[in-house]
Amino acid sequence: MSDAEARDSPAPDPVELPEGRLVGRVAFADAVRQGIGAAASQAWPMLWLVDDDFADWPLGERSVIAALNAWAQRGRRMRLLARDFSALRTLHPRFTAWRTTWAHLIEAHAVPQASPHELPGVIWTADWTLERLDPVRCSLVASRAPERRVALHERLDEWWMKGRPAFAPTTLGL
């Protein structure tokens, strides 16, 4: 294919990501999988994953880890924010191992003083957001709207400042 043909061919379609209101645990898990897959395929440089404890996220699935491996490259950054990371360590050992491998790309903060369900369940990127509004009923909103992304990012920054470093990639023992 010549350079002119390459310029004239249509760009690949972006990954289809859900938008609007969604309800249910299956819809939430599917949206998380799609969001992490899009992060890899669209080379999103910054990714926030936020939740109370990540217990019901599909972070231990092989396909999610494969997408995270595809996403993890030089210049990428991830922020993990949780009230408590103990459930993540216990329920998602593949993700915990992945976090150890890619520790240089990842910052993690805990906000133990937050009440249960006070932290929003969020995937935030500069292109798309997913926010779980009600963890009990599992209602969520997915959006590409710039005003929603900016407002959510401001809330996440506030939580980040309240937190402290946590979820170390390795544990040192004596």
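Residues numbered from 1 in each chain as written. Predicted model: local features only at pLDDT ≥ 70, side-chain atom pairs only at ≥ 80, totals over all residues. Heavy atoms only, no water.

Draft legend 1. The arrangement of the pairing of strand β5 (residues 121-124) in detail. The side-chain alternation of β5 yields two buried faces, one formed by G121 and I123 and the other by V122 and W124. Of the strand pairs in this sheet, β5 and strand β6 (residues 129-134) are connected by 4 bridges, and their pairing is antiparallel. Within β6, the residue paired with W124 across the bridge is T129. Between β5 and β6, which pair antiparallel in sequence order, lie 4 residues. (Buried < 20%, exposed > 50% of the residue type's maximum accessible area, 1.4 Å probe, protein only. Helix = DSSP H or I, 4+ residues; strand = E, 2+ residues; numbered from the N terminus. Pairing = 2+ DSSP bridges.)

Draft legend 2. Spatial organisation of the confidence of the model for the protein. Of the residues in the protein, 89% have a pLDDT of 70 or more, and the chain-wide mean is 90. This stretch, residues 1-13, has a pLDDT under 50; its non-local contacts, to residues over four places away or in other chains, come to 1 contact. (pLDDT = per-residue confidence, 0-100. Contact = heavy atoms within 4.5 Å.)

Draft legend 3. Local environment of the side chain of D51. Tracing the backbone through its elements, the reader meets D51 in strand β2 (residues 46-51). Excluding anything up to four places from it in sequence, D51 contacts D56, W57, L81, A82, R83, L119, P120, G121 and R132.

Draft legend 4. Local environment of the packing of helix α2 (residues 25-41) against helix α3 (residues 62-71). At their nearest, the axes of α2 and α3 sit 7 Å apart, and the two run at 25° to each other. The angle between the axes of α2 and α3 places the two elements in the roughly parallel class. Here the hand of the crossing between α2 and α3 comes out left-handed. Residues R33, I36, G37, A39 and A40 of α2 form the contact with α3, whose participating residues are V64, A67, L68, A70 and W71. For the contact of α2 with α3, a count of residues per class yields 8 nonpolar, 1 polar and 1 charged. (Axes fitted to C-alpha atoms, helices over the stretch in contact; angles between N-to-C directions. Parallel < 35°, antiparallel > 145°, perpendicular 65-115°, else oblique. Left-handed = near helix turned anticlockwise from the far one by under 90°. Nonpolar A, V, L, I, M, F, W, Y, C, P; charged D, E, K, R; others polar.)

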